[in-house]
Amino acid sequence: MSSNDERGLLSRLPQDPAYWDRLTARITADAAPHVRAWHSGEPWWSTLGRWSPLLAAAAVAAVLAAATLLPREAAAPAPMAEAFDFTPADPVARVVLSAAAPPAVPSLLRLQTGGNR
């Protein structure tokens, strides 16, 4: 007994080729209207195409809204003299408090001695 014969004994599927031809014809006939309807329908991207101007405007609005929410660069801190709104009479203190960055020590020494060093 060949392996084909053994499988035939275990299988309950029909061996008649006419049965399979009829089954194929029945499935094709049942599926044909569905396949035709699916192929004749409008492609999914055509709906998206109709909405594209509105979607583009919404995307631009979202980008602009996000840009307004971005943190701005921090402004330079006000010098101490402006923060407390006073300027001392001492020339060294005036330079230290009104400078945006700490002054170099030699420049402070020149101020203290009147620039004669």
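Undergrad: Hey, could you run me through the overall build of the chain in this one?
TA: On a plain count of helices and strands, the chain comes out with six helices and zero strands. When the helices and strands of the chain are read in sequence order from the N terminus, they spell out α-α-α-α-α-α. For the chain, the computed accessible surface area is about 10300 Å², with 65% contributed by carbon and sulfur atoms.

Undergrad: Is there a simple way to think about helix 3 (residues 44–69) in this case?
TA: Along an α-helix, a turn takes 3.6 residues, which lines up residues three or four apart on a common side. Between the first and last C-alpha of helix 3 there are 35 Å, a value that for 26 residues agrees with the 38 Å anticipated at 1.5 Å per step. A maximum bend of about 55 degrees is found in helix 3 at Trp51, where proline Pro53 lies one to four positions downstream.

Undergrad: Can you walk me through the packing of aromatic side chains in this structure?
TA: The relation between two aromatic rings is expressed through the spacing of the ring centres and the mutual angle of the planes. Taken as a whole and judged by the stated rule, the model has one aromatic pair. Taking 5.0 Å as the distance between ring centres and 80 degrees as the angle between the ring planes, the aromatic pair formed by Tyr19 and Trp20 counts as edge-to-face. Of the residues examined, Tyr19 reaches a relative accessible area of 31% and is grouped as partly exposed. Judged by relative accessible area, Trp20 falls into the partly exposed class, the value being 33%.

Undergrad: Got a minute to help me understand a nonpolar patch on the surface in this structure?
TA: A contiguous nonpolar patch, built from Trp44, Trp45, Leu48, Trp51, Leu54 and Leu55 and spanning about 750 Å² of accessible area, is present on the exposed surface. By the element assignment, Leu55 lies in helix 3.

Undergrad: Would you mind showing me how to read the confidence of the model for the chain here?
TA: Low pLDDT marks regions whose predicted coordinates should not be analysed in detail. Per-residue pLDDT for the chain averages 77, and the proportion of residues at 70 or more is 73%. For the chain, per-element mean pLDDT is lowest for helix 4 (residues 80–84), which scores 59, and highest for helix 2 (residues 17–40), which scores 90.

What counts and how
- Position labels on residues start from 1 in each chain and follow its written sequence.
- This being a predicted model, a pLDDT of at least 70 is required before a residue's local features are given, and a value of 80 or more before pairs of side-chain atoms are given or counted; all residues contribute to the totals for chains, interfaces and linings.
- The basis for the side-chain values is all heavy atoms of the structure; hydrogens and waters are excluded.
- The helix count covers DSSP runs of H or I at least four residues long, the strand count covers runs of E at least two residues long, and both are numbered beginning at the N terminus.
- Computed by Shrake-Rupley with a 1.4 Å probe, the accessible areas treat only the displayed protein chains as cover when residues are assessed.
- A helix is expected to span 1.5 Å for every residue after the first.
- Here the bend at each residue means the angle between axes fitted to two seven-residue stretches, the one ending at that residue and the one beginning there.
- Side-chain rings of Phe, Tyr and Trp, where Trp is taken by its six-membered ring, are said to pair if the distance between their centres is within 6.5 Å; with planes under 30 degrees apart they count as stacked, over 60 as edge-to-face, and otherwise as tilted.
- Whether a residue is buried, partly exposed or exposed follows from its accessible area with a 1.4 Å probe, protein chains only, as a fraction of its type maximum: under 20%, in between, or over 50%, in that order.
- Put simply, a patch holds well-exposed residues, over 30% relative accessible area, that have no salt bridge, with like charges counted together within 9 Å and Val, Leu, Ile, Met, Phe, Trp or Tyr side chains within 5 Å.
- By salt bridge we mean one thing: a side-chain nitrogen of Lys or Arg within 4 Å of a carboxyl oxygen of Asp or Glu.
- Per residue, pLDDT captures the predictor's confidence, and it can take any value from 0 to 100.

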